[in-house]
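Next come the chains, spelled out residue by residue.
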Amino acid sequence: MRKGNVTGAKALLKALEAQGIEVIFGYPGGANLPIYDELSRSPIRHVLVRHEQGAAHMADGYARSTGKTGVCLATSGPGATNLVTGLANAFMDSSPLVAITGQVSRAMIGNDAFQEVDITGITIPITKHNYLVQEPWELPHVVEEAFYLAGSGRPGPVLIDVPRDVQQEEFSPHQAKFPQLEGYNPTLEGHPGQIKRAAALLKGAQQPLIVAGGGVYQAGAVQALRLLAEKADIPVIHTLMGKASFPNSHPLCLGLLGYHGRVAANTAVSEADVILAVGTRLADRSTGPLGTFARQARIIHVDIDPAEISKNVPAFLPIVGDAKGILIQLAGLLPPAKRAGWRARLEEVAAAHPLRGKLKGVSIPNILRLLRGLVDDPLMVTDVGRHQIFTAHYFPVDSERSFISSGGLGTMGFGLPAAIGAKVGNPGRTVVAVCGDGSFLMTCQEVATAVAENIPVVALVMNDYCLGMVKQLQDSFYGKRHESCRFGRNVDYARLAESMGALGVRVTAEGEIEPALREALASGRPAVVEFVLDEPANVYPMVTGASLLEYVE
Amino acid sequence: MRHTISILCDDTPGVMTRVSGLFSRRGFNIESLSVGHTELSGKSRFTIVVAGDDAVLEQVRKQLQKMVHVIKAWDIKPLEAVEREHALIKLEVEERKRAELLEVITAVQARIVDSSGPVWILEVTGETSAVDSAFNLFAHYRVLESIRTGKIALERGHSRMMKGQRG
Ligand SMILES: Cc1ncc(C[n+]2csc(CCOP(=O)(O)OP(=O)(O)O)c2C)c(N)n1
């Protein structure tokens, strides 16, 4: 065994400090205590969560709201497996995360020791990369590489598993030589020839359309996209992940596309002759049935990940690279244009198909409408279910990184912890989590974290006493047989919040909505507002047929 | 369609799990897989034979290429490559069929690499189809055990990998 003056745990913390890490979301246990012991001497803030899934979602919310890589920490065995949902969630939505787990000591690995689990094996499919650290002197390099991988190219979660004795072992820091990452060279510059061809294609288009995904905001390309769209007068629709990739109130914005998309957006994608899809996987929620998706269009697909090109939808013209540079170049090549006919056609569809949610009573659309009147430019985080889609439709956001939602994995329970992470990264902004009652109960213990750590987020619990999205599916496709989707009336969310030290308010009448929201927003404390909804209203439009144009609204 | 994929990667612990796991995860059945060291220190090379259409193949190739330890993944066109497979076959030789068996061995260019009394181990090397025919012929005798390595393949002349086309 090498002896020296630095332990593995200290080297790990130093490496994290060198990365400029300001906060770690974590939970201790036997296999990571040496790291915690070092943490007590480090300037890095630690947020003690109440469940490791919360730690991963907080790191994720922090990452999505700041663009910086989020960090979470858990012990071996159950601590590590509790991170799994959070890692899968971050992986699906390309969120940069570094997860650190304790592992049993090296000599015990493979013996089914107490709290041993093969977390690197388990997380291969849901991480961008992972490491089982074998020697303490590897740690500085591994940490540096992990952050580089998590944050570069297509971002994603990276896991570092550190055996307890590696954390404890001393070594003398030295400049060890490590092999280069020969196989990892993300393409950043778009191919100039392809960009020229794309410009020509867009120039010749009669009915061009932009589909904006989450990759746009991740690449810091929101402004670039806007300039391009305005200059060439091209309508924009967005995926759920791409909601904050284009100002929602902009006259060119036609809203969400896909399975729960706006009729105008789904019409646009069906009638467009050239589509510029940027930073989107064109995943099934967005495309609907593939056989009928965008049949008229030649698709220019811009993505940083070559494996996304033509994975789901064949690209006519692929451009691999960083969206920002590509969009700036593309905008430079495009002449200014006016597309009165095409835009009028889409505006006509939009006017004929307004959102039909109820803007009265205790309904989600009405609550969101009133909330908008009370707070300027909040950071909106959602859980998963009908309230998520309602928020996507009824709460326009116009600034960057202002809408965070679990898109690819659709993880109930994401909302509250992600909002806490976002608030840690944006202490000056109002952060609102819009939750369903089902989703909220999955991670509601993190209210205690918010209180203990003084992280004033506002959680709105849209209580319809049921798993609304499940009910909606059962209404449409299972003969209204509502098997296992109703909750009893046994949870009082305001009191639940109060029992953990947060502000809790319960709203049962329309007149109480605004005062309750005002109180929660002004309290400066973590707050939970329960809205007892008038009825468990379904969310529309919803695609029900073999194409995006067969829907119920 | 059957495809042969070649993968040059760092020889790190777990790389085998990562590579093979990707195939099963993306719904690709591996027909054969062989892996070993190369002329480059610290590098391994896989040759993997899979069935699937071109689009799926391209997707798997790109997903492989994305793995941090994969330096290059590319498909090998059979006509542009030398392909070999190696097999060992253990037979129990019946005295009355011995002469006939020796003729078959010569015909398929197999070699006797061990004879422990009546039990012989034969070795066959060749393209997959040649090894297949040898197996078919030896099936008429008393085969005790047999094993195949799976295919390995190198492109003729300067390969795409050597030209440094990466990505
Ligand atoms: C962890 C998890 N389990 C199950 C589901 C399936 N699911 C999707 S939406 C939904 C209902 C969500 O209910 P709620 O949070 O109350 O929101 P609502 O739809 O009522 O607005 C369920 C069960 C899921 N997305 N995530």
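It should be emphasised that the depicted structure is a prediction, and the values quoted were computed from it without experimental measurement. (Residues numbered from 1 in each chain as written. Chains lettered and ligands numbered in written order. Predicted model: local features only at pLDDT ≥ 70, side-chain atom pairs only at ≥ 80, totals over all residues. Heavy atoms only, no water.)

Once that is clear, we can look at the overall build of chain B. Helix and strand content of chain B: 4 helices and 9 strands. Expressed as lengths along the three principal axes of its C-alpha atoms, the size of chain B is roughly 60 × 30 × 30 Å. The buried share among the 167 residues of chain B stands at 43%. Residue pairs at least 24 apart in sequence account for 73% of intrachain contacts in chain B once pairs closer than 6 positions are excluded. If you sum the accessible surface of chain B, you get close to 9000 Å²; carbon and sulfur atoms cover 53% of it. (Helix = DSSP H or I, 4+ residues; strand = E, 2+ residues; numbered from the N terminus. Buried < 20%, exposed > 50% of the residue type's maximum accessible area, 1.4 Å probe, protein only. Contact = heavy atoms within 4.5 Å. Areas by Shrake-Rupley, 256 points an atom, 1.4 Å probe, with all protein chains shown as cover.)

Along its length, chain A carries 23 helices and 22 strands. Its C-alpha radius of gyration of 24 Å places chain A within 12% of the 24 Å reference for a compact globule of 553 residues. Long-range contacts, defined here as pairs at least 24 residues apart, represent 75% of the contacts in chain A between residues at least 6 apart. Summed over all atoms, the accessible surface of chain A reaches about 20500 Å², with 53% contributed by carbon and sulfur. (Rg over C-alpha atoms; globule rule 2.2 N^0.38 Å.)

What follows covers the packing of helix α11 (residues 222-232) of chain A against helix α14 (residues 323-333) of chain A. Residue and element names in this part refer to chain A. At a minimum axis separation of 9 Å, α11 and α14 run at an interaxial angle of 20°. It follows from the interaxial angle that α11 and α14 lie roughly parallel. Crossing geometry of α11 relative to α14 is assigned as left-handed. Contacts between α11 and α14 pair Ala224, Leu225, Leu228 and Lys231 from the former with Lys324, Leu327, Ile328, Leu330, Ala331 and Gly332 from the latter. (Axes fitted to C-alpha atoms, helices over the stretch in contact; angles between N-to-C directions. Parallel < 35°, antiparallel > 145°, perpendicular 65-115°, else oblique. Left-handed = near helix turned anticlockwise from the far one by under 90°.)

Between chain A and chain B, the contact holds 16 residues from the first and 15 residues from the second. Roughly 1400 Å² of surface becomes buried between chain A and chain B when both sides are summed, with 53% attributable to carbon and sulfur atoms. Linking chain A with chain B are 2 salt bridges. The salt bridge involving Lys43 of chain B is made with Glu182 of chain A; its shortest N-O contact spans 3.1 Å. Here chain A and chain B share 7 residue pairs in polar contact (both at pLDDT 80 or more) between them. (Buried area = accessible area lost by both parts, 1.4 Å probe. Salt bridge = Lys/Arg side-chain N within 4 Å of Asp/Glu carboxyl O. Polar contact = N/O pair within 3.5 Å; in protein donor to acceptor, adjacent residues only side chain to side chain.)

Residues and elements named next belong to chain A. Per the stated rule, a full pass over the model turns up 5 aromatic pairs over all chains. Residues Phe390 and Tyr394 carry aromatic rings whose centres are separated by 6.0 Å and whose planes lie at 45° to one another, so their mutual orientation is tilted. Pair noted here: Phe390 and Tyr394 are both in helix α17 (residues 386-394), with a separation of 4 residues, about one helical turn. You'll find Phe390 and Tyr394 in the same group, each marked buried. We note Lys243 situated over the ring of Phe403; from NZ or CZ to the ring centre the distance is 5.5 Å. In this structure, Arg298 packs its charged tip against the face of Phe316, placed 5.2 Å from the ring centre. (Phe/Tyr/Trp six-rings, centres within 6.5 Å; stacked < 30°, edge-to-face > 60°. Lys NZ or Arg CZ within 6 Å of the ring centre and 35° of its normal.)

Attention now goes to the packing of helix α12 (residues 263-271) of chain A against helix α15 (residues 340-352) of chain A. Residues and elements named next belong to chain A. The interhelical angle for the contact between α12 and α15, taken along N-to-C directions, is 145°, at an axis separation of 8 Å. Between α12 and α15 the crossing geometry is right-handed. Where α12 abuts α15, its residues Val263, Ala264, Thr267, Ala268 and Glu271 lie against Trp342, Arg345, Leu346, Val349 and Ala350. Residues of the contact of α12 with α15, tallied by class, amount to 7 nonpolar, 1 polar and 2 charged. (Nonpolar A, V, L, I, M, F, W, Y, C, P; charged D, E, K, R; others polar.)

A word on the sheet that holds strand β7 (residues 157-163) of chain A. Residue and element names in this part refer to chain A. Spatially, β3-β2-β4-β5-β7-β6 is the arrangement adopted by the 6 strands of the open sheet, whose pairing is parallel. In this open sheet, the two edge strands, each paired with only one partner strand, are β3 (45-48) and β6 (129-132). In this sheet, neighbouring strand axes are inclined to one another by 20° on average, regardless of whether the strands run parallel or antiparallel. Judged from the 4 bridges that link them, strand β2 (residues 23-26) and β3 form a sheet pairing that is parallel. Across the sheet, the residue bridging to Ile24 is His46, located in β3. Along the sheet, helix α5 (residues 84-92) contacts β5 (97-103) and β7; its crossing angle with β7, the most-contacted strand, is approximately 145°. (Pairing = 2+ DSSP bridges.)

Another aspect to go through is the site of the ligand. All names here are of chain A. With respect to spatial proximity, 17 residues lie near the ligand, and among them Arg386, His387, Gly410, Asp437 and Ser439 are the closest. In the complex, the protein chains occlude 76% of the 580 Å² of accessible area that the ligand would expose alone. If you list the elements that add at least two residues to the shell around the ligand, you get α17, α19 (437-443) and α21 (468-477). Ranked by the residues each element gives to the shell around the ligand, the list is headed by α19, at 4 residues. (Near = heavy atom within 4 Å.)

Quick look at the domain arrangement of chain A now. Residues and elements named next belong to chain A. The assigned domain composition of chain A is domain 1 (6-175), domain 2 (192-352) and domain 3 (364-532). A straight line from the C-alpha centre of domain 2 to that of domain 3 covers 30 Å. Roughly 1500 Å² of surface becomes buried between domain 2 and domain 3 when both sides are summed, with 61% attributable to carbon and sulfur atoms. Between the two partners, domain 2 and domain 3, sit 0 salt bridges. Run the count over domain 2 and domain 3 and you get 6 residue pairs in polar contact (both at pLDDT 80 or more). For the side of domain 2 that touches domain 3, the secondary structure elements donating two or more residues are α10 (214-218) and α11. Here the side of domain 2 that touches domain 3 is built from residues that sort into 9 nonpolar, 6 polar and 3 charged. (Domains from an automatic or database assignment.)

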